[in-house]
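# Architecture at a glance
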Amino acid sequence: LGPLLFLMVCGFPPWDQASMQDQRFHTFSSGYFVQTAESWNLGLSADLVDLLQRMFFRDPRTRLSLNQVRNHPWMNGPM
């Protein structure tokens with residue numbers, strides 16, 4: 001879901017291939033999406049950056065569950 005949300009809000013995919021050989025996949029899934037989003041000046045809200053980072057984590061134990069995604073502040077913020 002994270003890559004789809006990223007594509008919808010940014011207009012381009014977060015990475016070319018979901019592989020550790022893909023530098024952006026490696027960076028985002030290793031917990032460095034926040035820094036990258038800031039340096040790229042994507043114009044994303046802090047809540048959205050937090051949601052995406054937590055959806056991008058490679059380890060399923062730290063990645064958000066669907067229920068946690070549904071309850072995230074960005075999903076329930078003002079329209």
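Quick look at the structure, then. (Residues numbered from 1 in each chain as written. Predicted model: local features only at pLDDT ≥ 70, side-chain atom pairs only at ≥ 80, totals over all residues. Heavy atoms only, no water.)

### Points about the overall build of the chain
The secondary structure content of the chain amounts to four helices and zero strands. Reading the secondary structure of the chain in the N-to-C direction produces α-α-α-α. In terms of overall size, the chain behaves like a compact globule, its C-alpha atoms giving a radius of gyration of 12 Å where 79 residues would be expected to give roughly 12 Å. Oriented by its inertia axes, the alpha-carbon framework of the chain measures out at about 35 × 30 × 20 Å. (Helix = DSSP H or I, 4+ residues; strand = E, 2+ residues; numbered from the N terminus. Rg over C-alpha atoms; globule rule 2.2 N^0.38 Å.)

### Focus: the pattern of salt bridges
Side chains carrying opposite charge are able to pair once their charged atoms draw close together. Overall, the coordinates contain three salt bridges when judged by the stated rule. The salt bridge involving Asp16 is made with Arg24; its shortest N-O contact spans 3.3 Å. Measuring nitrogen to oxygen at the nearest pair gives 2.9 Å for the salt bridge that ties Asp59 to Arg61. On the basis of relative accessible area, Asp59 is assigned to the partly exposed category, the value being 27%. A residue is classified by how much of its surface remains accessible, and Arg61, at 74% relative accessible area, is exposed. (Salt bridge = Lys/Arg side-chain N within 4 Å of Asp/Glu carboxyl O. Buried < 20%, exposed > 50% of the residue type's maximum accessible area, 1.4 Å probe, protein only.)

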